[in-house]
Amino acid sequence: MKILDLPPSEAARLIPLLQDLHDLHVTHQPARYPAAPSDAALGQWLQDWLQEEAITALIAESPQGALLGYVIFGIEHRPPLPVRFEETRVMVHHIATAAAFRRMGVGLALLNAVKHRAKSQSINTIATTYAPFNTASAGLFQSLGLQPVMTMAEWRT
C-alpha cells in the first residue's frame, strides 16, 4: 500500500467512498444530512475544498492503483483567547476505507501519515469530530491516542 497526496483535479476518485460514508450518516441522522447528493455536486465540492491552501487529501492505494481509503485534513491556526491558548492543529475532517479493506490497517496507515505530516511541521495537536454511532472511527482515533475532550449536542425540529 502506498500513501499518496491526491491533487484536487483527482477529487472525483473519492466520490464512491464519500457516498458510502455519507450514507452511514444519513441512515443514523436523516434530519441532519441530505440523502443522495449527486456525484457531480460531490465532485465539484471536493475539488473546490481540496484547492484550499490549508486542506490536504491523502489516499491509500494498492500496488495495482485501487483506492483503498482516504483522509482529508486541514491545518488550523487558532489565535489565543482569554479562555483558550493559541495553537496550530491538524483537524481531520474525513476518513474512509473501502468496505473490502476495512480492519486491515488502511485507516491507521492514513492517520499515521497525517501524524507524520503534523510532526514534520512542528504541530503537536491532531483533532477530529465523529458521530456517536460511528464506533469504527472512534476506535481508530483512540488507537492513535486521540481521546474525547468535549461533547457536542443539538436540538432539531
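Scroll up to find the structure this text is about.
Scope of this entry: the structure provided in the associated data block. By convention here, each chain's residues receive numbers from 1 onward along its written sequence. Totals for whole chains, interfaces and linings use every residue, but because this is a predicted model, local features are given only for residues with pLDDT of at least 70 and side-chain atom pairs only at 80 or more, for both listing and counting. To get the side-chain values, take all heavy atoms of the structure and skip hydrogens and water.

Section: the side chain of His22
So, point 1. Working definition: helices are DSSP H or I runs of at least four residues, strands are E runs of at least two. Numbering for both runs from the N terminus. In this fold, His22 is placed in helix 1 (residues 15-28).
So, point 2. Using a 1.4 Å probe on the protein chains alone, a residue whose accessible area is under 20% of its type maximum counts as buried, one over 50% counts as exposed, and one in between counts as partly exposed. Classification of His22 as buried rests on a relative accessible area of 15%.
So, point 3. Identification of polar contacts relies on pairs of N or O atoms within 3.5 Å, with a donor-acceptor requirement for protein atoms, meaning one able to donate a hydrogen and the other able to accept it, and with residues adjacent in sequence counted only if both atoms are side-chain atoms. A distance of 2.6 Å separates a polar atom in the side chain of His22 from the backbone oxygen of Pro34.
So, point 4. Excluding residues within four positions of it along the chain, His22 makes contact with Tyr33, Pro34 and Pro37. The contact criterion used is simple: two residues touch if any of their non-hydrogen atoms lie within 4.5 Å.

Some points on the pattern of salt bridges
So, point 1. The rule for a salt bridge is simple: a side-chain nitrogen of Lys or Arg has to be within 4 Å of a carboxyl oxygen of Asp or Glu. The tally for this structure, following the rule as stated, stands at nine salt bridges.
So, point 2. Arg117 is the partner of Asp5 in a salt bridge, and the nearest nitrogen-oxygen pair spans 2.6 Å. Separated by 112 residues along the polypeptide, Asp5 in strand 1 (residues 2-5) and Arg117 in helix 3 (residues 106-120) bring together distant segments of the chain.
So, point 3. Arg117 sits in the partly exposed class, given a relative accessible area of 27%.

Quick word on the sheet that holds strand 4 (residues 87-97)
Remark on secondary structure: sheet strands pair via backbone hydrogen bonds, oriented parallel or antiparallel.
So, point 1. With respect to topology, five strands assemble into an open sheet ordered 1-2-3-4-5, the strand pairing being mixed. With one partner strand each, in any of the chains shown, strand 1 and strand 5 (126-128) form the two edges of the open sheet. Between one strand axis and the next, the sheet turns by 30° as a mean value, whatever way the strands run.
So, point 2. When DSSP finds two or more bridges between a pair of strands, those strands are recorded as paired. Two elements, strand 3 (residues 67-78) and strand 4, share 10 bridges in a ladder whose sense is antiparallel. Bridge pairing in strand 4 places Arg78 opposite Glu87. Under this scheme, a helix contributes an axis fitted over its contacting stretch, all axes are lines through C-alpha atoms, and angles between N-to-C directions fall in the 0 to 180 degree range.

A few points about the environment of Tyr70
So, point 1. Along the chain, Tyr70 falls in strand 3.
So, point 2. Take Tyr70: its relative accessible area is 0%, and that puts it in the buried class.
So, point 3. Along the sequence, Tyr70 and Arg117 sit 47 residues apart, while their C-alpha atoms lie 15 Å from each other.

What is shown is where atoms sit, not what they do.
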